[in-house]
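For reference, the chains in residue letters:
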Amino acid sequence: MTDTTFFDTLKISAVRWWLNEPFEINRLGDGSILKSSLGAALWQVEATIARAHHRDLADVEARVAKLQRPGQTFLAHDPRHEYPRADPGGVILGAATPVIHTLAENNREIRLSGLPEGYVISDGDLIGWQYGSAPVRHALHRVVAGATASGAGLTPLIEVAPFVRPGVIPGTTAVQLIRPPIRAVLESADYGSGTALFTQGARLRFIQTLR
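A quick note: this is a predicted structure, and the numbers were derived from the prediction, not measured.

(A) Representation of the pairing of strand β9 (residues 109–113). Burial analysis of β9 places 4 of its 5 residues in the buried class, the great majority of the element. Relative to β9, strand β8 (residues 99–103) runs antiparallel, the two being bridged by 4 bridges. Paired with V99 across the two strands is S113, which belongs to β9. Counted along the chain from β8 to the antiparallel partner β9, the turn is 5 residues long, and its residue N107 has a positive phi close to 60°. Sheet topology note: the β9/strand β14 (residues 158–161) ladder contains 2 bridges and is antiparallel. In the sheet register, I110 faces β14, and the bridge partner there is I158.

Following this line, the structure appears as structure tokens:
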């Protein structure tokens, strides 16, 4: 069961959000360096909860306790990058419904369609989409090299990281530019320390899951 509202109830004072890809490095006798992946590149997060009155955190603590059970997941988005950089608030995007028009053979470049004329996708923007079934997976990608939509709402190729996983259907897969989420599992929870009235220092650590 995926909790779709938990993350929006959190008052976060600080956050670390990064792409974690396990790898190993081997050094050869001739000085060459070989780097190989040991697993999927997944988003990992550490969030610090803002200082608050005990009673105002009671419901959060209850939901955290539930999320610590095996099999529990929740949706989360990066609060530092909720909108495209060139479109604060998502006003320009409006009701447009962009989709992935093209997926390049290298699986790291995509072309978007259905955007407003001249819409700008900037380097560093976050974009996401859903793909697959049983379960439906949530992809989140950071734009490495952005682009500007043509008069027909079509962009040139946009490079993203990590690589695009199988399951995207060009022409059908809808793209989310505002608060694109990951599905996450809670790795650990520090409930912080309390004074007579307030709790402070509460922290959550969680990681993207593709299941």
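Continuing now.
(B) Here's a closer look at the environment of E61. Inspection of the secondary structure puts E61 in helix α1 (residues 54–67). Separated by 128 residues in sequence, E61 and A189 have C-alpha atoms that sit 9.4 Å apart.

(C) Local environment of the packing of aromatic side chains. Within this structure, the stated rule accounts for 4 aromatic pairs. Between W17 and F206 the ring centres are 6.5 Å apart and the planes differ by 85°, which places this aromatic pair in the edge-to-face class. Linking W17 in strand β2 (residues 12–20) with F206 in strand β19 (residues 203–208), this pair joins segments that are 189 residues apart in sequence. A single burial state applies to W17 and to F206, both of which are buried. Ring centres 5.0 Å apart and planes at 70° place the aromatic pair F74 and F206 in the edge-to-face group. One end of the pair, F74, is in strand β7 (residues 73–76); the other, F206, is in strand β19, and 132 residues separate them in sequence.

Reading guide: rules and limits
- Per chain, residues are indexed from 1 in the order of the written sequence.
- For this predicted model, a pLDDT threshold of at least 70 governs which residues receive local features, and a threshold of 80 or more governs which side-chain atom pairs are given and counted, while totals over whole chains, interfaces and linings are taken from all residues.
- Based on all heavy atoms of the structure, the side-chain values leave hydrogens and waters out of the count.
- Only protein chains enter the accessibility calculation, which uses a 1.4 Å probe. A residue is then buried if its area is under 20% of the maximum for its type, exposed if over 50%, and partly exposed in between.
- The way it works is that DSSP assigns letters per residue, a run of H or I at least four long becomes a helix, a run of E at least two long becomes a strand, and they are numbered from the N terminus.
- Should DSSP find at least two bridges between two strands, the strands are regarded as paired.
- Centre distance within 6.5 Å is the pairing criterion for rings of Phe, Tyr and Trp, where only the six-membered ring of Trp is used; planes under 30 degrees apart are then read as stacked, over 60 as edge-to-face, and the remainder as tilted.

Fair warning: the whole summary comes from geometry, so function is off the table for now.
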